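Examining the three-dimensional arrangement
As a plain string of letters, each chain reads:
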Amino acid sequence: DAGVIQSPRHEVTEMGQEVTLRCKPISGHNSLFWYRQTMMRGLELLIYFNNNVPIDDSGMPEDRFSAKMPNASFSTLKIQPSEPRDSAVYFCASSSAGYTEAFFGQGTRLTVV
Amino acid sequence: SQQGEEDPQALSIQEGENATMNCSYKTSINNLQWYRQNSGRGLVHLILIRSNEREKHSGRLRVTLDTSKKSSSLLITASRAADTASYFCATHGSSNTGKLIFGQGTTLQVKP
């Protein structure tokens, strides 16, 4: 398996623009996590899906952030409108059933100018 | 909010020395995991210890868990320059939600 695949790897956008980050989890995994990493706040869990259903989105910063998982092989994290404080590295991770290890993608480095 | 807190925040040692990192957490857990992150890369799973286990080994890694103190430690023996990275603990809560929460991490530098 190619592992968790995220795209794009880097994104530079202007404030106010819509940004969509994409994630393909490992085939057969049924849990998917979106994290945001910054120097100031560390690694924050934004949202967690189980079997394509959002289980906990309490970490989503505000209404500008939304996440979907239309099927078991694809998830998106959308920011609309984007702001400079959204600049961070966004990671997607997946895991198999139960309380097991998570496999991370390489991340998307987002810069909002 | 983050579950775990690592200590120390940064650690610098010479190659061949042992490195010990500590993690404290707040709520009851199903398991505790340690991950490694090289600069600019994603996190890689190192080891998982369940709440009913007290110690676990994997190669040069030794993890301990004390659920009464809500703490864990990661020991890397005979460190190498290639061990230079950030190390994070993460917890799966016992509330059956499946959330995986990470601590702030310890940055380890191993000098050759």
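Okay, so let's go over this structure.

**Details of the overall build of chain B**
- Broken down by element type, chain B carries 0 helices and 11 strands.
- Reading chain B from its N terminus to its C terminus gives the helix and strand order β-β-β-β-β-β-β-β-β-β-β.
- In terms of C-alpha radius of gyration, chain B reaches 13 Å, essentially the compact-globule figure of 13 Å for 112 residues.
- Overall, the C-alpha framework of chain B stretches about 45 × 30 × 20 Å when taken along its three principal axes.
- A burial count over chain B gives 46% of its 112 residues as buried.
- By sequence separation, contacts in chain B at least 24 residues apart represent 55% of the contacts at least 6 residues apart.
- Accessible surface, chain B: about 5300 Å² in total, of which carbon and sulfur atoms supply 44%.

**Overview of the side chain of Thr76 of chain A**
- By the element assignment, Thr76 of chain A lies in strand β8 (residues 74–79).
- Exposure remark for Thr76 of chain A: the relative accessible area of 14% places this residue in the buried category.

**Here we look at the state of the cysteines**
- The tally for this structure, following the rule as stated, stands at 2 disulfides over all chains.
- Each sulfur of the disulfide joining Cys23 of chain A and Cys92 of chain A lies 1.9 Å from the other. For the disulfide bridge between Cys23 of chain A and Cys92 of chain A, the dihedral angle about the S-S bond is near -65°, and by the sign convention the bridge is left-handed. Note that Cys23 of chain A is positioned in strand β3 (residues 19–24) and Cys92 of chain A in strand β9 (residues 88–95), a separation of 69 residues in sequence.
- According to the relative accessible area criterion, Cys23 of chain A is buried, its value standing at 1%.
- Classification of Cys92 of chain A as buried rests on a relative accessible area of 0%.
- The partner cysteine of Cys23 of chain B in its disulfide is Cys89 of chain B, sulfur to sulfur 2.0 Å. Taking the sign of the torsion about the S-S bond as the criterion, the disulfide between Cys23 of chain B and Cys89 of chain B, at about 65°, is right-handed.

**Focus on the packing of aromatic side chains**
Residue and element names in this part refer to chain A.
- Using the criterion set out here, one finds 8 aromatic pairs over all chains in the structure.
- When the centroid spacing of 6.1 Å and the interplanar angle of 75° are considered together, the rings of Phe91 and Phe104 count as edge-to-face. With Phe91 in strand β9 and Phe104 in strand β10 (residues 103–104), this residue pair connects regions lying 13 residues apart in the sequence.
- You can call Phe91 buried: its relative accessible area is 1%.

**What about the sheet that holds strand β1 (residues 5–7) of chain A?**
All names here are of chain A.
- One open sheet holds the 4 strands; their spatial order is β1-β3-β8-β7, and the pairing between them is antiparallel. Each edge of the sheet is formed by a strand with only one pairing partner; in this case those strands are β1 and β7 (65–71). Pairs of neighbouring strands in the sheet enclose a mean axial angle of 15°, with direction left out of account.
- Alignment of β1 against β3, held across 3 bridges, turns out to be antiparallel. Residue pairing across strands places Gln6 opposite Cys23, the latter belonging to β3.

Each value, and the rule that gives it
Note on numbering: residues in each chain are counted from 1, in written sequence order. Whichever chain is written first is A, and whichever ligand is written first is 1; the rest continue in order. Totals for whole chains, interfaces and linings use all residues, but because this is a predicted model, local features are given only for residues with pLDDT of at least 70 and pairs of side-chain atoms are given and counted only at 80 or more. Only hydrogens and water are removed before side-chain values are computed, so all heavy atoms of the structure are retained for them. To qualify as a helix, a DSSP run of H or I must reach at least 4 residues; to qualify as a strand, a run of E must reach at least 2; elements of each kind are numbered from the N terminus. As a reference, a globule follows 2.2 Å times the number of residues to the power 0.38, and the radius of gyration itself is taken over C-alpha atoms. The buried label applies to any residue whose accessible area, calculated with a 1.4 Å probe on protein chains only, is under 20% of its type's maximum; exposed applies above 50%, and partly exposed to all values in between. Contacts are residue-level and defined by heavy atoms, with any inter-residue pair within 4.5 Å sufficient. Throughout, the Shrake-Rupley method with a 1.4 Å probe supplies accessible areas, and for residues the shown protein chains are the sole cover considered. Two cysteine sulfurs form what is called a disulfide whenever their separation falls within 2.5 Å. Geometry of aromatic contacts follows a simple scheme: Phe, Tyr and Trp rings, the Trp one being its six-membered ring, pair when their centres are within 6.5 Å, and the pair is stacked under 30 degrees between planes, edge-to-face over 60, tilted otherwise. Strands are labelled as partners when DSSP assigns at least two bridges between them. To define axes, lines are fitted to C-alpha atoms, for helices over the stretch in contact only, and angles between the resulting N-to-C directions are given on a 0 to 180 degree scale.

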